[in-house]
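# Reading the structure
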Amino acid sequence: MSQCQQIQTSPMAPAVTLHLVRLRQDVHRLLDPLWRQSGPGRFDPFRRNICYLWLACRLGMAPRDCHVGRLDAPACVRAVNALREVRWHAIDLWFKGGG
């Protein structure tokens, strides 16, 4: 792997390649609008936490470990597939116990 392809290496995480960076961007592209739907320029940390809790459950991981920057490529692909199929209403319903 060339230095151009390898962006970061850490003993705690796999090498972050350009491919992984793009996968994580795809996750953010789908995830962020779900919790930002509360209004333009508004930040709702509760809504954001609910979205990440839902995603953690879908990925089968502990909520404290569910951070896009920690996802490996297979987890990113699973996240993208799950996020393509969901809207905020479904996540909210799931959180309230009705989904």
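Residues numbered from 1 in each chain as written. Predicted model: local features only at pLDDT ≥ 70, side-chain atom pairs only at ≥ 80, totals over all residues. Heavy atoms only, no water.

This next bit is on the overall build of the protein. Of regular secondary structure, the protein possesses 4 helices and 2 strands. Secondary structure elements of the protein occur, N-terminal to C-terminal, as β-β-α-α-α-α. Once local pairs closer than 6 in sequence are excluded, the contacts in the protein between residues at least 24 apart make up 55%. Accessible area for the protein stands at about 6,600 Å²; split by element, carbon and sulfur atoms hold 54% of it. (Helix = DSSP H or I, 4+ residues; strand = E, 2+ residues; numbered from the N terminus. Contact = heavy atoms within 4.5 Å. Areas by Shrake-Rupley, 256 points an atom, 1.4 Å probe, with all protein chains shown as cover.)

Glancing now at the state of the cysteines. One covalent bond between the sulfur atoms of two cysteine residues makes up a disulfide. Enumeration according to the criterion identifies 0 disulfides in this entry. As a non-bridged cysteine, C66 has C57 as the owner of its nearest cysteine sulfur, 8.9 Å distant. Taking the relative accessible area as the measure of exposure, C66 reaches 6% and is therefore buried. (Disulfide = S-S within 2.5 Å. Buried < 20%, exposed > 50% of the residue type's maximum accessible area, 1.4 Å probe, protein only.)

Another point: the packing of aromatic side chains. A complete count under the given rule lists 1 aromatic pair for this structure. Judged by centre distance (5.7 Å) and plane angle (80 degrees), the rings of F46 and F95 are edge-to-face. Here F46 is found in helix α2 (residues 45-59), whereas its partner F95 is found in helix α4 (residues 88-95), with 49 residues between them in sequence. What makes F46 exposed here is its relative accessible area of 52%. In this structure, R47 is placed above the aromatic ring of W88, and the distance from its NZ or CZ to the ring centre is 4.0 Å. We note R48 situated over the ring of W35; from NZ or CZ to the ring centre the distance is 5.7 Å. (Phe/Tyr/Trp six-rings, centres within 6.5 Å; stacked < 30°, edge-to-face > 60°. Lys NZ or Arg CZ within 6 Å of the ring centre and 35° of its normal.)

Just geometry here; none of it tells us what the structure is for.
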